[in-house]
Amino acid sequence: MDSKIIVSGMRPTGKIHLGNFFGALNNWLNLQNTHNCYFFVADLHALTTASDATENLTQNTLDMVVTWLASGLNPEKCTIFVQSHVPEVSELNTLLAMITPLGWLLRNPTYKEQLVEIFKKKYAGRLGDDKTAAEKLSMLTEKELSEIASFGFLGYPVLMATDILIHKATYVPVGQDQSAHLEITREIARRFNEQFNTDVLVEPKALFTKVPKVTGLDGRKMSKSYGNTIEVGEDIEVLRKKVMSMFTDPNKKRAADPANPEGCTVFTFHKLYNPGFEKRCQECRTGALGCVACKKELFEYMRPSFEDFNAKKQELLKNKTYLDKILKEGAEKARASAAKTLAEVKKAIRIY
Ligand code: TRP
């Protein structure tokens, strides 16, 4: 086991779809075998944008942990915890907030993008789709702005930096959408070390792993907002229907027409689930295999991993005591690591 430390978190925003799975979780499953990993449910981060809608927070948090475990994340190999169970995070967050210039946060590109998203949810349709985030933002009055953005929301990157720096992460596996946040994390570490003439905080590196492109049922990017997802724990019959409804090459009108698998949604999934996908490709090109047969076969390749996941999930849901035990032990391990860094930070600041 490499002693290099990995930290990563996910916000508990409902179910995980295959895009999330292949984009992040699948990567975690590999990393747990080779690195010292801390994986957590970022429930505090969920509050930065949905502090008024917490009715599903508990369930979403538990669901997320169940999804991780049923997918193969192993608490013997990595530390699994809930962010808010580690109060040291909130304490370090306060301290790092003191040295983070406001300008870094106001300039953070995701700040503007997310603001517009929140605003759209509240006042659907008021802003046209033909404008950039900055333009839309400039259409809002000062009052509207100050009402939608909370102090905690502006501080999102500081909290994320805290998650990472508190365990002295070497690497952070993140998607491109999070790279601006990771850059702020590095800047906060650098600034802290310079300001207090110390090397307590470690500048983490982004770990961009090559992830397969996961398209949705309609061929667009898989996304909850497009309604084209397949959930990780999809019911088998729903999965069957979804696979059978996938978009295919529009030029293939009859089963025996030759077609182009590139750009066919079914093919992108064959690539993920069928070890013999190249043969399928050939048969698609020559017209030897029709789309219906091709989809049926894909479904059979996908089915076992879904059945396996669903069975494990059912087991876990029955065993709340086990789940609580995992999270309790995870929080203890995370707190031990966090407390060490926090003590060093306080010492560097000269907090008495
Ligand atoms: N901001 C991340 C996301 O939305 C979640 C997150 C919170 C995170 N803290 C983190 C990711 C620390 C990596 C490391 O996906």
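Heads up: the structure comes first, above all this text.
Let me sum up the structure you'll find in this document. Just so it is clear, the structure is predicted and the values come from calculations on it, not from any experiment. (Residues numbered from 1 in each chain as written. Predicted model: local features only at pLDDT ≥ 70, side-chain atom pairs only at ≥ 80, totals over all residues. Heavy atoms only, no water.)

## Notes on the packing of aromatic side chains
Scanning the model with the defined rule gives 9 aromatic pairs in all. Pairing Trp28 with Trp68 gives two aromatic rings, centres 5.0 Å apart and planes at 70°, and the pair type is edge-to-face. Separated by 40 residues along the polypeptide, Trp28 in helix α1 (residues 18–34) and Trp68 in helix α3 (residues 57–71) bring together distant segments of the chain. For the residue pair Trp28 and Trp68, the accessibility class agrees, reading buried in each case. Aromatic ring contacts, followed pair by pair, group Phe21, Phe22, Tyr273 and Phe306 into a single cluster. Sitting over the face of the ring of Tyr226, Arg220 holds its NZ or CZ atom 4.0 Å from the ring centroid. (Phe/Tyr/Trp six-rings, centres within 6.5 Å; stacked < 30°, edge-to-face > 60°. Helix = DSSP H or I, 4+ residues; strand = E, 2+ residues; numbered from the N terminus. Buried < 20%, exposed > 50% of the residue type's maximum accessible area, 1.4 Å probe, protein only. Lys NZ or Arg CZ within 6 Å of the ring centre and 35° of its normal.)

## Observations regarding helix α10 (residues 156–165)
Counting along an α-helix, one turn takes 3.6 residues, and residues three or four places apart therefore face a common direction. When you tally the buried positions in α10, you get 10 out of 10 residues, the bulk of the element. Taken together, the buried positions of α10 are Tyr156, Pro157, Val158, Leu159, Met160, Ala161, Thr162, Asp163, Ile164 and Leu165.

## Notes on the packing of α1 against α3
Geometry of a packed helix pair, given as the angle between the helix axes and the separation of the axes. Between α1 and α3, whose axes approach to 10 Å, the crossing angle comes to 60°. Classified by the interaxial angle, the pair formed by α1 and α3 is oblique. Handedness of the crossing formed by α1 with α3: right-handed. From α1, Phe21, Leu25, Trp28 and Leu29 reach across to α3, where they touch Thr67, Trp68 and Ser71. (Axes fitted to C-alpha atoms, helices over the stretch in contact; angles between N-to-C directions. Parallel < 35°, antiparallel > 145°, perpendicular 65-115°, else oblique. Left-handed = near helix turned anticlockwise from the far one by under 90°. Contact = heavy atoms within 4.5 Å.)

## Some remarks on the pattern of salt bridges
Evaluated as defined, the whole model comprises 20 salt bridges. Among the salt bridges present, the one from Asp218 reaches Arg220, with a minimum N-O distance of 3.0 Å. We note a salt bridge from Glu297 to Arg280, for which the minimum N-O separation is 2.3 Å. With a gap of 17 residues between them, Glu297 in helix α15 (residues 291–318) and Arg280 in helix α14 (residues 277–286) connect regions that are remote in the sequence. Look at Arg280 and you get buried, because its relative accessible area is 13%. A single network of salt bridges, built from pairs that share partners, joins Glu183, Arg186, Arg190 and Glu203. (Salt bridge = Lys/Arg side-chain N within 4 Å of Asp/Glu carboxyl O.)

## Observations concerning the state of the cysteines
On inspection of all chains with the given rule, the structure shows 0 disulfides. Cys78 carries a free sulfur, and the closest cysteine sulfur to it, the one in Cys37, is 6.3 Å from it. Residue classification places Cys78 among the buried positions, given a relative accessible area of 2%. Among the cysteines around Cys294, which has no disulfide bond, Cys264 carries the closest sulfur, lying 6.4 Å off. (Disulfide = S-S within 2.5 Å.)

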